[in-house]
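This is what each chain is made of:
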Amino acid sequence: MIRYDVADAVAAITLDRPDAMNSLTVEAKSALLGALREAAGDTAVRAVLLTGAGRAFCAGQDLREHADNLEAGRGLTDTVRAHYNPIVELIATMAKPVVAAVNGVAAGAGASLAFACDLRVASEKARFALAFSGIGLAPDSGASWTLQRLVGPGRAAELMLLGEPVDAARALELGLVTRVVPADDLQKTARELAVRLASGPTLAYAATKRALAYAATHSLPDSLALEAELQDACAATHDHLDATRAFLAKERPVFNGR
Ligand code: T3D
């Protein structure tokens, strides 16, 4: 259900249920959470690449399993709290960059997963569907938090209330993705980006993620205080020391992530 491969300090996590558009069962969500924890905890991994097998990125909750749960009178709170929430929190807070290679449709919680990543590269075949309202649900997996930060509150409300699909060109226009490439080039482009990040200043990237997340919900004085604290920590890294020396010596810096 989930493929996990590490090469060039990049952990590639592939949602692999193509016949069901990589929709998420409890088993798939547990495996995804396990893979993310592995990537977050492995010091040899310095960036993560998340993508889908086949023609979808992820169609969100597996609605067959969901219908069985409803039929059996099982509530959703536990599945959301036990799986979606920790998955999204881990993607957003892990101390390394996470790139989504959006190869096809990203719907419902599948769109939320992509929004939680640090960067999104999309194939021309990608589309986003805030499918929650279409089945009488409200957004989950962090979409209410992430989407309005990406596109602004007005557009987020429109996308969520109307649930109309957004194609790749419109997604680029809205700022939902940072790059759109031909389908055949997607994996190469996204991997190159992930490899580039994996050879960058990992601790500074982690600090950047923390600073951005913190500043989104705190005042300027508080954000300045955290920036100062994080900058002190970055200034004490080997990467900063080496890169400063490299700059003065007119050399290319080599970052070891320490
Ligand atoms: O339980 C909880 O914790 C609640 C949490 C909810 C979070 C959520 O994610 S709610 C939103 C759930 N997702 C959706 O509502 C999306 C449903 N899917 C679609 O709207 C469309 O399938 C797509 C827009 C994603 C793709 O459309 P299209 O025309 O390209 O493909 P298709 O023909 O509709 O689907 C292809 C196959 O994938 C089809 O199976 P079949 O008929 O060939 O055997 C379809 O049933 C299956 N599929 C697509 N999405 C899902 C799915 N199977 C299970 N669950 C899905 N979400």
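Small disclaimer: the values here were computed from a predicted structure and weren't measured.

Visitor: Sorry, what's going on with the overall build of the protein chain here?
Guide: Secondary structure assignment for the protein chain yields eleven helices and ten strands. Across its three principal axes, the protein chain shows a C-alpha extent of roughly 65 × 40 × 35 Å. Counting all 258 residues of the protein chain, 46% fall into the buried class. For the protein chain, the accessible surface area stands at approximately 13100 Å², while carbon and sulfur atoms represent 55% of it. Placing the 26 positive and 30 negative side-chain charges of the protein chain at their respective mean positions leaves the two points 3 Å apart.

Visitor: Looking at this structure, I do not really get the sheet that holds strand β4 (residues 56-58). What am I missing?
Guide: Paired through their backbone hydrogen bonds, the strands of a sheet run either parallel or antiparallel. Read across the sheet, four strands follow the order β4-β6-β8-β9 without closing on themselves; strand pairing throughout is mixed. Each of the sheet's edge strands pairs with one partner strand only, and the pair in question is β4 and β9 (166-167). The pairing of β4 with strand β6 (residues 105-107) spans two bridges and is parallel. By the bridge assignment, C58 is partnered in β6 with A106.

Visitor: Mind showing me how you'd approach the sheet that holds strand β7 (residues 119-123) here?
Guide: Ordered by their spatial adjacency, six strands build an open sheet running β1-β2-β3-β5-β7-β10, and the pairing between neighbours is mixed. Whereas interior strands pair on both sides, the edge strands pair on one side only; in this sheet they are β1 (2-7) and β10 (179-181). The mean angle between the axes of side-by-side strands here comes to 20°, regardless of whether they run parallel or antiparallel.

Visitor: How should I be thinking about the nonpolar core in this particular structure?
Guide: General note: in soluble globular proteins, nonpolar side chains tend to be found buried as a group. Of all hydrophobic cores here, the largest spans 50 residues; its most connected members are L32, F57, I91, V102, L113, F128 and L147. Apart from residues lying up to four places away in sequence, L147 is in contact with F115, L130, G152, A156, L159, M160 and L176. Core analysis: the second largest hydrophobic core is formed by 14 residues, A47, L186, L193 and L197 among them.

Visitor: Help me out: how do you make sense of a nonpolar patch on the surface in this one?
Guide: A grouping of L63, I135 and L137 is seen on the molecular surface, where their side chains present a nonpolar patch of about 250 Å² in accessible area. Note on placement: L63 falls in helix α2 (residues 63-71). Accessibility expressed as a relative area gives 44% for L63, which makes it partly exposed.

Visitor: Just to check I follow, could you spell out unusual backbone geometry for this structure?
Guide: Glycine aside, residues mostly have negative phi angles, and peptide bonds mostly take the trans form. Notably, D8 is not glycine yet its phi reads approximately 55°, a positive angle. You can call D8 exposed: its relative accessible area is 56%. Its identity as a non-glycine residue notwithstanding, K250 has a phi of 55°, on the positive side. Within the element layout of this structure, K250 appears in the segment after α11 (238-248). On the basis of relative accessible area, K250 is assigned to the exposed category, the value being 79%.

Visitor: How should I be thinking about the packing of helix α5 (residues 143-151) against helix α6 (residues 153-162) in this particular structure?
Guide: α6 packs onto α5 with a crossing angle of 125° between their chain directions and a minimal axis gap of 7 Å. Relative to α6, α5 is oriented oblique. With respect to the hand of their crossing, α5 and α6 are arranged in right-handed fashion. Every residue of α6 that contacts α5 at A143, S144, L147, Q148 and V151 is listed here: P153, R155, A156, L159 and M160. Counted by class, the contact of α5 with α6 contains seven nonpolar, two polar and one charged residues.

Visitor: What am I meant to see in the pairing of β1 here?
Guide: Regular strands have side chains that alternate between both faces of the sheet. Both β1 and strand β2 (residues 10-15) contribute to a ladder of six bridges, which runs antiparallel. Pairing of I2 across the sheet is with L15, part of β2. In textbook terms, the turn of a hairpin is the stretch between consecutive antiparallel strands, and for β1 and β2 this stretch comprises two residues, one of which, D8, has a positive phi near 55°.

Visitor: Looking at this structure, how should I read the site of the ligand?
Guide: Around the ligand sit 25 residues in total, of which Q61, L63, H66, T79 and A109 are the nearest. A distance of 3.0 Å is found between a nitrogen atom of the ligand and a backbone nitrogen or oxygen belonging to A59. A distance of 3.3 Å separates a nitrogen atom of the ligand from a polar side-chain atom of R64. For the ligand, the protein covers 69% of the area, taking 1100 Å² as the surface of the free molecule. Elements with a minimum of two residues in the shell around the ligand: α2 and α3 (77-93). Residues that form the shell around the ligand fall into these classes: 13 nonpolar, six polar and six charged.

How each quantity is defined
Residues numbered from 1 in each chain as written. Predicted model: local features only at pLDDT ≥ 70, side-chain atom pairs only at ≥ 80, totals over all residues. Heavy atoms only, no water. Helix = DSSP H or I, 4+ residues; strand = E, 2+ residues; numbered from the N terminus. Buried < 20%, exposed > 50% of the residue type's maximum accessible area, 1.4 Å probe, protein only. Areas by Shrake-Rupley, 256 points an atom, 1.4 Å probe, with all protein chains shown as cover. Lys, Arg positive; Asp, Glu negative; His and termini not counted. Charge placed at Lys NZ, Arg CZ, Asp CG, Glu CD. Pairing = 2+ DSSP bridges. Axes fitted to C-alpha atoms, helices over the stretch in contact; angles between N-to-C directions. Core = buried A, V, L, I, M, F, W, Y, C linked by side-chain atoms within 4.5 Å. Contact = heavy atoms within 4.5 Å. Patch = residues over 30% accessible without salt bridge, like charges linked within 9 Å, V, L, I, M, F, W, Y side chains within 5 Å. Salt bridge = Lys/Arg side-chain N within 4 Å of Asp/Glu carboxyl O. Parallel < 35°, antiparallel > 145°, perpendicular 65-115°, else oblique. Left-handed = near helix turned anticlockwise from the far one by under 90°. Nonpolar A, V, L, I, M, F, W, Y, C, P; charged D, E, K, R; others polar. Near = heavy atom within 4 Å. Polar contact = N/O pair within 3.5 Å; in protein donor to acceptor, adjacent residues only side chain to side chain.

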